[in-house]
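Topology and contacts: notes
Chain by chain, the residues:
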Amino acid sequence: MIKKIKEAVSFESPLHVVQIITFTFVIELLLSSIMFLAGLCITWPFFFVSFALAALVTIVVDKENVSWFEILSSLIIIVFLSWICGMIFDYSYDGNAYHKVAVGLLKNNWNPFYSKPNLSLTEKLASASFNDNVYIESYCKITWIFGASIYAVTGLIETGKSYTLLAMLCSFLLVFYYMRKKEYKLSISFLTSILVMLNPIAVQQIFTFYIDGFLHTIIFMLIIALIMLEDMQTFDPRQSASLVAGLMIICGNIKFTGLLYGGLFCIAFYLYDLYKEFKHQKGISKSIIRETILYFLLVIATVVWGGATTYVTNLVRHGSLTYPLTGEGKVDIMTGNSPFTEENHFKNLFISLFSKVDNFQNGSGNTTEFKIPFTFSLEELAKLNIPDARISGFGVIFGGLLIVSVIIMIAWFIKGRNDKKKVIIGLILLVSIALTFGIKESWWARYSPYIYAIVLMAAFVSMSSEKVPLKIAAYIFVVLILFNNCLPLIHTKGYYKDSREADAFFEELTYQNEIEISNSEYKGVYFNFKDYGIYYRINSKLEEDDNVNTTNYLWTKWRALNNINN
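Counting from 1, residues in each chain are numbered in the order their sequence is written. Reporting of local features is limited, given that this is a predicted model, to residues whose pLDDT is at least 70; pairs of side-chain atoms are given and counted only at 80 or more, and all residues count toward the totals for whole chains, interfaces and linings. Only hydrogens and water are set aside when side-chain values are computed; all heavy atoms of the structure are taken into account.

A run of H or I in DSSP counts as a helix once it spans at least four residues, and a run of E counts as a strand once it spans at least two, with each numbered from the N terminus. What a helix should span is 1.5 Å times the count of its residues minus one. Compared with the 21 Å implied by 1.5 Å per residue over 15 residues, the 21 Å span of helix 20 (residues 449-463) between its first and last C-alpha is a close match. Extensive coverage of helix 20 is indicated by the burial of 15 of its 15 residues. Burial classification: accessible surface area is computed with a 1.4 Å probe over protein chains only, and a residue below 20% of its type maximum counts as buried, one above 50% as exposed, and the rest as partly exposed.

Dropping the structure here:
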């Protein structure tokens, strides 16, 4: 058996696993659009059909060099990480207010093509609309579709949030594969891969249904795939192009900003290719024509096919691709969420990067507090359980790390060798800087993967130094980045403890004949009740009654119906 496994593992194995998992997301999205159009919904076979097709696509792309062990490993990874996520409950606001609701509705026969989201699909209510249904109807759905497919298999909604962990693992495998194939030292390859995998927003959101950490990680993977596509002498262009396509389709259907960020990086590399062609051939070559056609088809696949239940339905129903953020009746989601009193983008960005970690909104009476770089307080550590901190959301010492990163990048560009590596890094840095100062919401870390990209590049170029003192300093820098990124994990034990207590409480409720519950703020918890087989009905009047019970999971009000009857 061990001999067969050794024969089935190759240098390309990490890439194959990344392809299979990535293509599973993509095929689920594309296949679901066809299914929804045909009037079908997500059921348990959907995941296995998508996974099998993903493995088949990988075999075709890689010319049949994919082994049974790589396919089996990919499936085991998805199952194992979903099981891990199922052990810890999501306690976040966004996760339970609408992400979990969307996953639950999709698993319970909601078809986004033909109906708007409504809890009447799952609850015994004549009309069960809710405040966040506009977001569920109109926002991108790839994570919800994946989550629903896992939920349909396991019967536990918490297992559906494994997409962030899966992306983190895939990012490690992809970066490590890239760097080893480029013959970088093992230490540099490993540490760079770890830095990408343990990016701060993904770590913060690892056990929630939030999607920002997933987007950040997919963006970093897309950048690596674009770099691979530029190096056709080292990497198979079929593999690289398929990864770029798959990751861009995912990016464009995580969030509207994913379409913007991923699209801009693709455009930047496309323009770079145009420049190279005109510089060397004084005209348009067949390769550029082919690349242009492929990118055009990618736009169609991302927006029209993959985004059929988002972009197309938004256009048809509301007259805008990115409703409710644009178009008639658009919703301003940022003004009320901002902690700042001024609309000064540069000032707000500076304050957010170099202040103490905090999370409040304008009008709360709280104020930001500057601090000395590389310092932090116990109060800040306590706030690291917030998955979307508005102030200093990248971590307690990120401001200092960014200062060092800027110094490193300036020194490297001044003194480093002029080669293709400098051009590629310069291109990525240019896009990252443009987004940092061009996107006025860059102060909120969850929306700003490009800022962490600057730190990643600085860490990479510093570790590439041949001078021993600089290399030692580089490794210290990397350790500090990892320290900053991993600090939120100190709360994992608390999450697990709270989850076990919630699990025990749900188990106790299974002995009740029937109960009434209500949680208008966190409607996603209703699906947790379903998962435990608890018989319940929703009674919104409970929230006005101070004499009823409250669960230890997100303050859900409940009471036993047999107590009423007696």
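Now for helix 5 (residues 93-107). Its 15 residues place the ends of helix 5 21 Å apart at the C-alpha level, agreeing with the 21 Å of an ideal helix rising 1.5 Å per residue. Fitting axes to the seven residues ending at a residue and to the seven starting there, one defines the bend at that residue as the angle between these axes. Maximal helix bending in helix 5 amounts to about 40 degrees, located at histidine 99. Across the 15 residues that make up helix 5, a large majority, 13, are buried. Capping the start of helix 5 is the job of one residue whose side-chain oxygen sits 3.1 Å from the backbone nitrogen of glycine 95: serine 92. Immediately downstream of helix 5, the backbone of asparagine 109 shows phi near 75 degrees, a positive value. We define a polar contact as two N or O atoms separated by no more than 3.5 Å, with the added condition that, inside protein, one atom must be a possible hydrogen donor and the other a possible acceptor, whereas residues neighbouring each other in sequence contribute only through side-chain atom pairs.

Structurally, aspartate 531 can be placed in helix 23 (residues 525-531). Along the primary structure aspartate 531 and leucine 156 are separated by 375 residues, whereas in three dimensions their C-alpha atoms are 5.6 Å apart. For aspartate 531, the contacting residues outside a window of four places in its chain are Tyr151, Gly155, Leu156 and Ile157. Looking at aspartate 531, its side chain comes within polar contact range of the side chain of tyrosine 151, at 2.5 Å. Note on contacts: a residue pair is in contact if any heavy atoms of the two residues lie within 4.5 Å.

Phe25, Ile218, Met228, Tyr452 and Phe529 are the most contacted members of the largest nonpolar core, which totals 185 residues. Not counting residues up to four positions away in its chain, the partners in contact with phenylalanine 25 are Ile142, Phe146, Tyr163, Leu166, Phe214 and Ile250. Nonpolar cores are built from buried Ala, Val, Leu, Ile, Met, Phe, Trp, Tyr and Cys residues. Side-chain atoms within 4.5 Å join them into one set.

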